[in-house]
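# Close look at the chain arrangement
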Amino acid sequence: MTDLTDTLAPIATRLAQILEDKAALEAEERALKAQIRDLVPGPDTYAAGGYTLAISTNRRFDPDLAARVIPTELLELCKIAKVDSAAAKAVLPPALYTQCMKVVGDDRVGFVR
């Protein structure tokens, strides 16, 4: 481990504070959204001071539901074959699995617990 204590300590301290503040803000956001959902039915839009709130149904495609709903003659047209990362990780040697991974975005920065 490289020792950059003097350089990194103030940066890490500020990052830790930001992450703590972010977690608190996200918890408050969840609580406020729950309050709004309790006060008004959705889906609809509501005037709220200088804001317009939109309450909308949260939907995601469900493959299991689709398999029951889609007519048999159309179901095969909706299927694709693809390489699955969980399946690959379960059967491939770690070195080969690692070769299948590409680097995306910036390096992650986090704290070791």
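Criteria and cut-off values
- Residues numbered from 1 in each chain as written.
- Predicted model: local features only at pLDDT ≥ 70, side-chain atom pairs only at ≥ 80, totals over all residues.
- Heavy atoms only, no water.
- Helix = DSSP H or I, 4+ residues; strand = E, 2+ residues; numbered from the N terminus.
- Rg over C-alpha atoms; globule rule 2.2 N^0.38 Å.
- Pairing = 2+ DSSP bridges.
- Salt bridge = Lys/Arg side-chain N within 4 Å of Asp/Glu carboxyl O.
- Buried < 20%, exposed > 50% of the residue type's maximum accessible area, 1.4 Å probe, protein only.

## Examining the overall build of the protein chain
If you tally the helices and strands in the protein chain, you get five helices and two strands. N-terminal to C-terminal, the α/β element order of the protein chain is α-β-β-α-α-α-α. Here the C-alpha radius of gyration of the protein chain, 23 Å, is well above what a compact globule of 113 residues would show, namely 13 Å. Structurally, the protein chain occupies a C-alpha span of about 65 × 55 × 20 Å along its principal axes.

## Some details on the pairing of strand β2 (residues 51-55)
Sheet topology places strand β1 (residues 44-48) next to β2; five bridges connect them, and they run antiparallel. Following the sheet pairing, Y46 is matched in β2 by L53.

## So, the pattern of salt bridges
This structure, assessed with the given rule, holds two salt bridges. Between K33 and E29 there is a salt bridge, with the nearest N and O atoms lying 2.9 Å from each other. Placement of both K33 and E29 in helix α1 (residues 5-39) is noted, with a separation of four residues, approximately one turn of the helix. According to the relative accessible area criterion, E29 is partly exposed, its value standing at 37%. Ionic pairing is found between E76 and K79, a salt bridge with its closest N-O pair at 3.3 Å.

## With respect to the environment of Y97
Counting through the fold element by element, Y97 comes out in helix α5 (residues 94-99). Owing to a relative accessible area of 17%, Y97 belongs among the buried residues under this scheme. Each C-alpha atom, one on Y97 and one on S85, is 8.6 Å from the other, the two residues being twelve residues apart in sequence.

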